[in-house]
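Structural characterization, general
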Amino acid sequence: QVQLVESGGGLVQAGGSLRLSCAASGRTSGTYHMGWLRQAPGKEREFVAVRSWSDGSTRYADSVKGRFTISRDNTKNIVYLQMNALAPEDTAVYYCAASGSYRRFENRPDYWGQGTQVTVSS
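This section reports on the structure supplied with the text. (Residues numbered from 1 in each chain as written. Predicted model: local features only at pLDDT ≥ 70, side-chain atom pairs only at ≥ 80, totals over all residues. Heavy atoms only, no water.)

Looking now at unusual backbone geometry. One non-glycine residue, Ala85, lies in positive phi territory at about 50°. On the secondary structure map, Ala85 appears in the loop between strand 8 (78–83) and strand 9 (92–99). Note on Ala85: relative accessible area 42%, which makes it partly exposed. (Helix = DSSP H or I, 4+ residues; strand = E, 2+ residues; numbered from the N terminus. Buried < 20%, exposed > 50% of the residue type's maximum accessible area, 1.4 Å probe, protein only.)

And the structure:
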C-alpha cells in the first residue's frame, strides 16, 4: 500500500506563495503517477496537477497553469506543489494523490492523503 502525508498548508494573503509537500511511504512498485487534487467548501473535487513517474511529464489545470509547479525529489521521495500568485479562488483542501493513470489521473486516484488546508485571504 501507499501512504501519503501532505504538509505546508496555511493562511496566506492574495498574491502570496505557499509550497506544499507530500511524503510518500510504504511498499510500492514505483510506477504511480503523483499529483494534486483540491476541494473547496461546497464544491466538487477538482484536478490541480500531475507528474508522470516514467518521463517526468506534467499536466496542469487551466486555472493554475503558469502559477503552480509540481516537482519531485526522488531521493527524499517527496512531491511538491509550489503555488505562486495565490488568489481567494485557490482556497481549498489540497490532497496529494497517486494513480496508475497519467492521462486520467483525476478520474481514478488509487491513493490519497488526508489533505492540507490552504486559505487565501483578500
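Sheet strands pair via backbone hydrogen bonds, and the direction of the pair is either parallel or antiparallel. One open sheet accounts for four strands, arranged 1-3-8-7; its pairing is antiparallel. The strands lining the two open edges of the sheet, one partner per strand, are strand 1 (3–7) and strand 7 (68–73). Pairs of neighbouring strands in the sheet enclose a mean axial angle of 20°, with direction left out of account. With six bridges joining them, strand 7 and strand 8 adopt antiparallel strand pairing. For Thr69, the partnering residue across the bridge sits in strand 8 and is Gln82. (Pairing = 2+ DSSP bridges. Axes fitted to C-alpha atoms, helices over the stretch in contact; angles between N-to-C directions.)

Here we take up the packing of aromatic side chains. A complete count under the given rule lists two aromatic pairs for this structure. Seen in terms of ring centroids, Phe47 and Phe105 are 6.1 Å apart; in terms of plane orientation they differ by 70°. Their pairing is edge-to-face. In this pair, Phe47 is assigned in strand 5 (residues 46–51) and Phe105 in the loop between strand 9 and strand 10 (111–112), connecting sequence segments 58 residues apart. Residue Phe105 is classed as buried on the basis of its relative accessible area of 0%. Over the aromatic face of Tyr80 sits the side chain of Arg19, whose NZ or CZ is 3.8 Å from the ring centroid. (Phe/Tyr/Trp six-rings, centres within 6.5 Å; stacked < 30°, edge-to-face > 60°. Lys NZ or Arg CZ within 6 Å of the ring centre and 35° of its normal.)

What follows is about the state of the cysteines. Simply put, disulfide is the name for a covalent bond between the sulfur atoms of two cysteines. If you walk through the whole model with that rule in mind, you get one disulfide. The partner cysteine of Cys22 in its disulfide is Cys96, sulfur to sulfur 2.0 Å. Judged by the torsion about the S-S bond (-80°), the Cys22/Cys96 disulfide is left-handed. With Cys22 in strand 3 (residues 18–25) and Cys96 in strand 9, the pair connects residues that are 74 residues apart, well separated along the chain. A single burial state applies to Cys22 and to Cys96, both of which are buried. (Disulfide = S-S within 2.5 Å.)

On inspection of all chains with the given rule, the structure shows six salt bridges. With a closest N to O distance of 2.7 Å, Arg38 and Glu46 form a salt bridge. A relative accessible area of 5% means that Arg38 is categorised as buried. Assessed through its relative accessible area of 35%, Glu46 is described here as partly exposed. Arg108 is the partner of Asp110 in a salt bridge, and the nearest nitrogen-oxygen pair spans 3.1 Å. (Salt bridge = Lys/Arg side-chain N within 4 Å of Asp/Glu carboxyl O.)

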